[in-house]
Every structure is written in structure tokens, then in C-alpha cells.
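Architecture at a glance
Chain by chain, the residues run as shown.
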Amino acid sequence: MSSENSSADDEQRVWDVVVVGAGPAGASAAYAAAVAGRSVLLLEKAELPRYKTCGGGIIGPSRDALPPGFELPLQDRVHAVTFSLDGKFTRTRRSKQMLFGLINRPEFDQQLVEHAQKAGAELRTGVTVSRVEQHGSAVPDRRTVAVVLQGGEAVLARAVVGADGSASRIGAHVGVKLDQVDLGLEAEIPVPETVAEDWQGRVLIDWGPMPGSYGWVFPKGDTLTVGVISARGEGAATKRYLEEFIARLGLAGFEPSISSGHLTRCRADDSPLSRGRVLVCGDAAGLLEPWTREGISFALRSGRLAGEWAVRIAEAHDAVDTRRQALNYAFAIKAGLGVEMAVGKSMLAAFERRPGMLHAAITSFRPAWRAFTGITRGSTTLGELVRSHPMAGRALSALDRRSAVAAPTVAESTPTTE
């Protein structure tokens, strides 16, 4: 506890930073604030470890945002990707270098929380946040925020980070606005060793039958994570896509150990990232890549930034300084992740109209494959590609034209290696 929060009267403790939600965003925020030497409390409604609906792909930007010394609990290392267009025009592309890794979320999230705890953060599980108050009887002064738990207990902090997922209570307090909501369905399917061997080191990405939809198979030892995602409002069609996808893969005879669903929510461009001394990050802020709906790297990166700026907000002595630090946080998010999201939205719009053209490009056009591998390995991002390579920007503009010519036919082909 900071010395300024102590008193001779032993008043209720005021934490420097309280983080709500112990997923990748929250654990990263708690770590960043704790490693800076501040008192940090991490609140989580579930008991850890807990299951989360997630493919579990760890791309380069995710790996690069992990705390020092973090050892990824990888279930597999991906060197090949099979692409298909609604089950047709299948092609596998291979890489001598690892493209990305695959993890199980319960282990990954638990390990992130442990790193935050080692840095000095305290963890409370099994607690549900009802609301946040920045004014009123529960708040002793203008430099304090009250996080009110179910049952009425108020936890006090100089700054709060909301990382409580896509249905965030803290996001509602901040006023997060969304302009894209998608439904993901997933099955964890245990398979025999012979089937697992067929998938080892290789994932499948299938561009789906509904606009903007796609499916995936991620191997994790003796279990295959199989999922699909599409726009909300297409629930029946999305469920049918998953069932047909599993059947097409020859996996219908295996009983899933877990079947789950999840809504992903993407922020509007003008959505706020803060209110007073409260910041939001990760899914709570609607931060994810709109085209692939990849969220882990956005959670880790935005969580770290939120933790760093929460420290500054905790040190702010008035509303003007608080506002300045919150604006700096928003600028940092928009300058990096915001650019990637803008390009991702354009990619999604193009993909919704011309999935065949994108499939043809990534399976047959070497620069497109190199861009894919660069993004997955972390040597570049969607935003950097458009900024640094005029050809990529022109290609995206061409894909985005409604008047685009029909996509070329993609024939079945043999695997290639680069």
C-alpha cells in the first residue's frame, strides 16, 4: 500500500490500482502496475483456472507482449496451414519456421495471473463486481473510485482497470460503444492418437458459407479445438455450419468434451476508453481484430498499456491531470491497435464480398502468403503492411471495391513449402 493511503485511524485500504477480470488483459494490466511498485488488487468472479471459449492461437504480437521469463505452455507448434473455401479448393502451405503456437486458455491465463502475483499483485477470486462509483457516499474523495461487489462491499482504488470481458460491467460504466458483434461456437473434441498425428503441426482455416464467416481446427495434443464464427443474428446458420464442418472433417463420431459459444464485440471508432479514473482494455473495451476476431494479442497489449497508464492516473492529484493521462492512454491505443483495427475492418468488408478472391491470393500469390506469415510470426502487422508497402494498400483498396471482378477459380493443389 502506498504511504499516502495509510492513516493513523487505520481507515479502509485504498489500493493504487484495482483490476477487474483476470483474463489476459487483466493479468497483463495487473502485472504492469505491480511491477511499477504500486499496490494492485486483481478481482476475478470465477475460480482459477477456468475454461474460456477461444481457439488459443498465440501469434507473434501476443508472444512479444508477455512478461519477461514467461514460458508459453504450448500444446503444438504450427508449421503448416490448410486453407479451404467452404470445404472446396483446399490447399496447404508450409513454413520451415514456426508460424504460431497453440495453448489451452486455462493454463495460459493461470500462468499470466501467477506472473502478476509474483510482481506483487494480490488476487481475489469468486467475487462479482456490481458497479463502479466515482461519486457518492461510498467514495471518500475525488481521487478515489469505489468498486462495489455483490453483497455491498466497496473496494477503494486510485485507478480502476476494467478487463471483465465482452459483457463488461466496467465497459458499461465507461460507455463503450460497439459496431460489430459476432457469434463464435466451439467444440473441444478428444481424438485417437492416429487422428491427432494427422493434425500435428498443422491447422485448418475454412472460409465459410455466410458473409464474413470462417471455421478453424487447432490441434492440441489428443484434442482438436474446432470452431466457427459469423455475424450475430445468424445463430441457426452458424450452428449448422459447425455441425457440417465437423462432419466434413470426419469428426462427427467423436464426442466433444466441451461445447461452448461466445459473443465477440468490436468497438466503434468513437467509443470511449476511459471515464474519470476508470480505464477499459481487451474485450471490455471492444478491442480485437475485426476480420479474424483475434483477441489475445489485443488483450495482452492493451492490458499492459492500461496498467501503465493506471499507475499515472493513480498518481494524478486533480481532474485535469487525470484527464490528460486518460487521453494519453487512448492515444497509445489508437496509434497502435486502432490502426490495426481500421485495416481489419477493411479486410472484413472485402472478405465478406469476395472470399474467393482472398482465398486465391493467400494460397496462390506469394506476397500474400508472406504477409500472412509475417503477421503470425510478429515481424509485421496489418497496419504496418499498409503503411510500409503501398502495394498492400492498393491491393486492399482493389479488394474493397464492390465492382471487383469475379474471383479466379482455385484448383486443388499439392502442399507447398516456403
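A quick note: this is a predicted structure, and the numbers were derived from the prediction, not measured.

In the contact formed by helix α1 (residues 24-35) and helix α7 (residues 296-315), the axes pass within 7 Å of each other and the chain directions differ by 35°. Seen from above, α1 lies across α7 with right-handed handedness. Two secondary-structure elements touch here, α1 through P24, A25, S28, A29, A32 and A33 and α7 through A299, L300, G303, R304, G307, E308 and V311. The residue inventory of the contact of α1 with α7, partitioned by class, reads 8 nonpolar, 3 polar and 2 charged.

This part takes up the environment of G101. Tracing the backbone shows G101 in strand β7 (residues 100-102). Since its relative accessible area comes to 1%, G101 is described here as buried. Taking the C-alpha atoms as reference, G101 lies 8.3 Å from G56; in sequence the two are 45 residues apart. Beyond its immediate stretch of four places on either side in the chain, G101 contacts G56, G57, I58, L74 and D76.

So, on to the sheet that holds strand β3 (residues 57-58). A sheet is described by the order of its strands in space; here 3 strands give the open sequence β3-β7-β4, paired in antiparallel fashion. Bordering the open sheet on either side are β3 and β4 (76-78), each of which pairs with just one other strand.

Cut-offs used in this document
Residues numbered from 1 in each chain as written. Predicted model: local features only at pLDDT ≥ 70, side-chain atom pairs only at ≥ 80, totals over all residues. Heavy atoms only, no water. Axes fitted to C-alpha atoms, helices over the stretch in contact; angles between N-to-C directions. Helix = DSSP H or I, 4+ residues; strand = E, 2+ residues; numbered from the N terminus. Left-handed = near helix turned anticlockwise from the far one by under 90°. Contact = heavy atoms within 4.5 Å. Nonpolar A, V, L, I, M, F, W, Y, C, P; charged D, E, K, R; others polar. Buried < 20%, exposed > 50% of the residue type's maximum accessible area, 1.4 Å probe, protein only. Pairing = 2+ DSSP bridges.

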